[in-house]
Amino acid sequence: MITTVRGTRDILPAETPSWRVLEETAREVFAAYGYQELRTPVFEQTALFARAVGATSDIVEKEMYTFADRGGDSLSLRPEGTAAVVRAFIENNLHRSLPWAVYYMGPMFRYERPQKGRYRQFHQMGCELFGAEGPLADAEMMAMVLRLLRRLGVDASLTLEINSLGCMACRGPYRTQLFAFLQEHVAALCEHCRQRLQRNPLRILDCKGEGCRAVARQAPFMKDHLCGACADHFQGLTTLLTALNLPFVVNPLMVRGLDYYNRTAFEVTTTALGAQNAVAAGGRYDGLVAEMGGQATPAIGFAMGMERLALLLDAAQVKLPRPDIYLVVVGDAASRQGLVLAEQWREAGIPVVVDPLGGSMKSQMRRADRLQARFVLILGDREMTEQGLLLKNMANGEQVFLKWETAVAQLSALAA
Ligand code: ATP
Ligand code: MG
């Protein structure tokens, strides 16, 4: 038996209605804030992610699905969405039409240890905004994320955490201080953090290991070493969040896993999902477009994990689809006639489910019941002789007889 690949899963029909609610609600909310949809390829040149996400990031170092294609090019399945959006922005000369506000949704791929809420193929939806520099954009984006979560009914156990990661000017000197501090406490760090002390000391701040966390709490914080411009930006953001009545927590240890962030970083976490507590994450990446070869353009974005949202989604919002009209056909001649009639009705825009298995009237009625059909049409021997159909209202049991030639008009009134 061939099964799914480890870390991947089927989203079965019992679950797809929740996914549709997620997707449709997100599209509405994003559109209401002026975002348009962008669809990029599922694989890209490996170099794109190495440069945009960062060669020393966990994603590029350990989690990417990278392969050589038959022509010998190194390609990777996308592990996140921002790199490709930036590539598309540059490749299509979109700096001429700022602001550029786009959203995406779709599968991402990371070679991780699978567990609840953590998969190797998972789905993200996210937004990216190019051209806006000030904290207004940051605050509005957070307001949008929280509005979406509220609309989905998943906001009860959520916290908005923010931090500032500084900029080119202030992060360098801070990094030197942090490095010196961490070196003094190297004995208390985990193996992995000791290895990345040189390359990426900031990441040690959000290591989940007990020893590292104790060290991190005593470490110098970026937010206390911001340059004037970054401090103003962060102050502006907190003022706006307060004006918007959006509660937030400043988490000086939140550094984000992707190398490209600067200034504002934010996460929305939940207490309802156990270890996989991050629902949405994002931040500003003002230097990335230039870094990737485009014209310097400020930008901010976020991504949210759809599997985690699906686990949290308020079930009351999910309506299972139920057929309006279910056609029960008893006997061979009736089956043929039923198929012809159903196609005529569908041609007229009337949705109808024809029982696909046939058999006794009783077993077909049972299937109609299971799908919670609103109306059942019966076509058996007697109806064949009379060139008609029996229409049964499943809510009250009422039955009426329809002639084949006038059924379309009567049925379209029902389906409306
Ligand atoms: P985590 O700390 O949980 O690994 P991350 O920092 O790697 O998250 P991001 O790269 O910021 O996550 O991705 C944004 C969101 O995508 C996360 O907040 C999470 O909801 C979701 N996500 C990330 N990786 C996975 C995964 N392997 N399976 C399911 N969802 C994921
Ligand atoms: Mg991760």
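Residues numbered from 1 in each chain as written. Chains lettered and ligands numbered in written order. Predicted model: local features only at pLDDT ≥ 70, side-chain atom pairs only at ≥ 80, totals over all residues. Heavy atoms only, no water.

What follows deals with helix H9 (residues 228-243). Between its first and last C-alpha atoms H9 spans 22 Å; for 16 residues at 1.5 Å apiece the expected length is 22 Å, and the two agree. Taken together, the buried positions of H9 are occupied by Cys230, His233, Phe234, Gly236, Leu237, Thr238 and Leu241. Lining the buried residues of H9 we find helix H5 (135-151), strand S7 (158-164), helix H6 (168-184), strand S8 (249-250), strand S9 (262-270) and strand S10 (278-284). Looking at the residues trailing H9, positive phi occurs at Asn245, about 65°. (Helix = DSSP H or I, 4+ residues; strand = E, 2+ residues; numbered from the N terminus. Expected span 1.5 Å × (residues − 1). Buried < 20%, exposed > 50% of the residue type's maximum accessible area, 1.4 Å probe, protein only. Contact = heavy atoms within 4.5 Å.)

Let us now look at unusual backbone geometry. Of note, the bond from Leu98 into Pro99 is cis; its omega dihedral lies within 30 degrees of zero at -5°. Along the chain, the position of Pro99 falls in the loop between helix H4 (82-91) and strand S5 (100-109). If you check the backbone angles, Asn245 has positive phi at about 65° while not being a glycine. Within the secondary structure, Asn245 is located in the loop between H9 and S8. Of note in this structure, Arg263 is not a glycine but carries a positive phi near 45°. As for its placement among the helices and strands, Arg263 is situated in strand S9.

Right, let's talk about helix H8 (residues 210-218) for a bit. Among the residues of H8, Cys212, Val215 and Ala216 are the ones counted as buried. The buried residues of H8 occupy one face: seen down the axis, they fall within an arc of 100°. Exposed residues pointing more than 90 degrees away from the buried face of H8 are listed as Glu210 and Gln218. In this fold, the buried residues of H8 make contact with H6 and helix H7 (191-196). (Arc of directions from axis to C-beta.)

Taken together, five strands build an open sheet; the order of strands is S13-S12-S14-S15-S16 and the sheet is mixed. Every other strand in the sheet has two partners, leaving strand S13 (353-354) and strand S16 (399-403) as the edge strands with one partner each. Bridge analysis of strand S12 (residues 325-329) against S13 gives two bridges, and the strand direction is parallel. Bridge pairing in S13 links Leu327 to Val354. Where helix H12 (residues 332-347) meets the sheet, it contacts S12, S13, strand S14 (375-379) and strand S15 (388-393), and its direction lies at approximately 160° from that of S12. (Pairing = 2+ DSSP bridges. Axes fitted to C-alpha atoms, helices over the stretch in contact; angles between N-to-C directions.)

Turning our attention to the packing of aromatic side chains. Taken as a whole and judged by the stated rule, the model has seven aromatic pairs. Ring centres of Phe89 and Phe130 lie 4.4 Å apart, and the angle between their planes is 10°; on these two criteria the pair is classed as stacked. With Phe89 in helix H4 and Phe130 in strand S6 (residues 121-130), the pair connects residues that are 41 residues apart, well separated along the chain. Like Phe89, the residue Phe130 is buried in the burial classification. An aromatic cluster of three or more residues is present, and its members are Phe89, Trp100, Phe130 and Tyr285. (Phe/Tyr/Trp six-rings, centres within 6.5 Å; stacked < 30°, edge-to-face > 60°.)

Moving on to the nonpolar core. Phe30, Tyr35, Phe130, Leu149, Phe302, Met304 and Leu309 are the most contacted members of the largest nonpolar core, which has 100 residues in total. Every residue in contact with Met304, bar those within four places of it in the chain, is listed here: His123, Gln124, Met125, Val145, Leu148, Leu149, Val279, Ala280 and Leu309. One finds Ala334, Trp345, Val352 and Leu377 within the second-largest nonpolar core, a separate group that totals 19 residues. (Core = buried A, V, L, I, M, F, W, Y, C linked by side-chain atoms within 4.5 Å.)

In this structure the tally under the stated criterion is 20 salt bridges. Here Arg346 and Glu343 are joined by a salt bridge, their closest N and O atoms 2.9 Å apart. Here Glu343 and Arg346 lie together in helix H12, a separation of three residues that amounts to about one turn. A relative accessible area of 33% means that Arg346 is categorised as partly exposed. A single salt-bridge network, built from bridges that share partners, covers Asp58, Lys62, Arg196, Arg203 and Asp206. (Salt bridge = Lys/Arg side-chain N within 4 Å of Asp/Glu carboxyl O.)

What follows is about the site of ligand 1. Around ligand 1, 15 residues are found, and the nearest of them are Arg110, Glu112, Tyr119, Gln124 and Arg256. Within the contact set of ligand 1, an oxygen atom lies 2.9 Å away from a side-chain nitrogen or oxygen of Arg118. Residue Val279 places a main-chain N or O atom 3.3 Å away from an oxygen atom belonging to ligand 1. When ligand 1 is considered free in solution it has 580 Å² of accessible area, and contact with the protein chains removes 87% of it. Within the residue set of the shell around ligand 1, elements represented by two or more residues are S6, S10 and strand S11 (299-305). The element contributing the most residues to the shell around ligand 1 is S10, with four residues. Residues of the shell around ligand 1, tallied by class, amount to seven nonpolar, three polar and five charged. (Near = heavy atom within 4 Å. Polar contact = N/O pair within 3.5 Å; in protein donor to acceptor, adjacent residues only side chain to side chain. Areas by Shrake-Rupley, 256 points an atom, 1.4 Å probe, with all protein chains shown as cover. Nonpolar A, V, L, I, M, F, W, Y, C, P; charged D, E, K, R; others polar.)

So, to be careful, I would describe these as geometric facts and stop short of saying anything about function.
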